[in-house]
Amino acid sequence: MTHHIARSARTRVLGSAGVCVATVLALLGAAAPANAAPAAVSCTSAKPALATKLKRDITSALAGRRGSISVGVYDRSTKTTCVYREQTAYDSASVVKVTVLATLLWDAQKQHRALTAREKTLSQAMITKSDNDSTTRLWNQLGLAKIRGFLAAAAMTQTKPGANGYWGLTQITARDEQKLLMLTTLTNSVLTDNSRAYIQKLMSEVIASQRWGTPKGVPSGVSVHVKNGWLQRASYGWRVHSVGTFKGRGHDYMITVLTHGNSTWNYGIATIEGVAKVVHKDLAAS
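Residues numbered from 1 in each chain as written. Predicted model: local features only at pLDDT ≥ 70, side-chain atom pairs only at ≥ 80, totals over all residues. Heavy atoms only, no water.

Draft legend 1. Up close: the sheet that holds strand β3 (residues 80-84). If you walk across this open sheet you meet the 6 strands as β1-β3-β2-β8-β7-β6, and the pairing is antiparallel. The sheet is open, and its two edges are formed by β1 (42-44) and β6 (223-232), each paired on a single side. Taken over all neighbouring pairs, the strand axes of this sheet differ in orientation by 5° on average, direction set aside. Of the pairings in the sheet, the one linking strand β2 (residues 68-75) to β3 comprises 5 bridges and is antiparallel in character. (Pairing = 2+ DSSP bridges. Helix = DSSP H or I, 4+ residues; strand = E, 2+ residues; numbered from the N terminus. Axes fitted to C-alpha atoms, helices over the stretch in contact; angles between N-to-C directions.)

Structure, rendered in structure tokens:
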């Protein structure tokens, strides 16, 4: 499937009570102006040697790669955080579909109701197969007010919903994607345990052909939850993104890699997987 700009259902798809939000923000670092994004990989950890190794290996993986790249890594088990240009904005392509699902669940929670059969069918297709029509239907059902409401509740202050129904042109940053992944994996006041479990379930059932990117190099025995996005436009070439959460073998971690300016779809995938492989390897060895 070619991705990922969509408008309303009346127009055609183009291309294919626990930890509070404040605690999540503290874990991920305070906000800074977008132009203050670091020019070098920065890592901190309860295991200083791990931070040093990750910084070196991620830097090496990025060396010589063309285009714009942003990285976010967080491992809850070792309190390890790595960031690289985490506040640079990108067209979301289909990674925004996790935000759409989270908004749907958040809104249903507020209404004290379960998802309808229709909503479950659309959600499953949207996440597991990256179906654009299903996403458009849910985006239109929710509307911008609810989507912005969820973003505010999640403190995803750098995410700007796409205008005029173009959900694939939502502006995202690695920092906000890491916040979202945190909310899907950690007990919090925004998403209930049941909502989080549902998001994780669907992300674990993504079809085989779309399980590239951040899962690359994951050790055996580690669970994988992934959502990818890709979109080609005249400016900045291919956008290719991957977000994933992973748990097992003593670690509980998440990886976001966002890219644009790729000459081809495969070039973007190779960049993402180069980063993912060293993160999985270094964490497994720690």
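Draft legend 2. Expanded view of the layout of surface pockets. Roughly 230 Å³ of volume is contained in the largest pocket. Looking at the largest pocket, the residues that line it are Leu 105, Ala 108, Gln 109, Arg 113, Ala 114, Leu 115, Lys 120, Thr 192, Asn 194, Ser 195 and Tyr 198. When contributions to the lining of the largest pocket are tallied by element, the ones reaching two or more residues are α3 (96-110) and α7 (193-204). For the lining of the largest pocket, the per-class residue count stands at 5 nonpolar, 4 polar and 2 charged. (1 Å grid on protein atoms, 1.4 Å probe; cavity = no way out; pocket = protein on both sides within 12 Å on 5 of 7 lines; lining within 4 Å. Points joined across faces, edges and corners; volume = space filled by probe spheres on them. Nonpolar A, V, L, I, M, F, W, Y, C, P; charged D, E, K, R; others polar.)

Draft legend 3. Expanded view of the pairing of strand β8 (residues 251-262). Counting buried positions along β8 yields 11 of 12 residues, so the element is predominantly enclosed. Here strand β7 (residues 238-248) pairs with β8 via 10 bridges, running antiparallel. Residue Gly 244 lies in a different strand from β8, and its bridge partner there is Ile 255. Turn length for the β7-β8 hairpin, with the two strands adjacent in sequence and antiparallel, is 2 residues, and the turn residue Arg 249 shows positive phi of about 55°. (Buried < 20%, exposed > 50% of the residue type's maximum accessible area, 1.4 Å probe, protein only.)

From the geometry alone we can't say anything about function, so treat these as descriptive.
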